[in-house]
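# Structural description and commentary
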Amino acid sequence: MELKDYQKRLQVEFIELDLRVKKLMAFIYHNKDKELGLSQDEVVDMRCQLYAMQAYRDALGRRCVRQGIEIPHPELYTSGGNGN
């Protein structure tokens, strides 16, 4: 299936966001904040940022799956037989 321009952009956006989420998760969960001496407020804000990014990625993932756009691990973005 040939993707439309907006679908290609959606696919690229999903892949880029997924990578950013993974990098931020690794940073937070490997305690890099302590190495850098970040304040508790900064860490809290980074976690809030991560949660928002994850929610956005999940919404993009579900849209991609419904439209038949190829993404990594599409099974993570379906909640039923029809991807809704």
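Residues numbered from 1 in each chain as written. Predicted model: local features only at pLDDT ≥ 70, side-chain atom pairs only at ≥ 80, totals over all residues. Heavy atoms only, no water.

Turning our eyes to something else, we now look at a nonpolar patch on the surface. The grouping of M25, Y29 and Y51 at the surface amounts to a nonpolar patch, some 300 Å² of accessible area in total. Its location among the elements puts Y51 in helix α3 (residues 40–66). When its relative accessible area of 45% is taken as the criterion, Y51 is described as partly exposed. (Patch = residues over 30% accessible without salt bridge, like charges linked within 9 Å, V, L, I, M, F, W, Y side chains within 5 Å. Areas by Shrake-Rupley, 256 points an atom, 1.4 Å probe, with all protein chains shown as cover. Salt bridge = Lys/Arg side-chain N within 4 Å of Asp/Glu carboxyl O. Helix = DSSP H or I, 4+ residues; strand = E, 2+ residues; numbered from the N terminus. Buried < 20%, exposed > 50% of the residue type's maximum accessible area, 1.4 Å probe, protein only.)

Now for the packing of helix α1 (residues 5–29) against α3. Put simply, α1 and α3 touch, their axes get as near as 9 Å, and they point 150° apart. One finds that α1 runs roughly antiparallel with respect to α3. Here α1 and α3 pass one another in a crossing that is left-handed. Here the residues of the contact of α1 with α3 sort into 16 nonpolar, three polar and six charged. (Axes fitted to C-alpha atoms, helices over the stretch in contact; angles between N-to-C directions. Parallel < 35°, antiparallel > 145°, perpendicular 65-115°, else oblique. Left-handed = near helix turned anticlockwise from the far one by under 90°. Nonpolar A, V, L, I, M, F, W, Y, C, P; charged D, E, K, R; others polar.)

Glancing now at α1. With 25 residues, α1 should reach 36 Å at 1.5 Å per residue; the first-to-last C-alpha distance of 36 Å fits that figure. Within the sequence span of α1, burial applies to Q7, L10, Q11, F14, L17, D18, V21, L24 and I28. (Expected span 1.5 Å × (residues − 1).)

Scope: geometric values only; no functional claims are made or implied.
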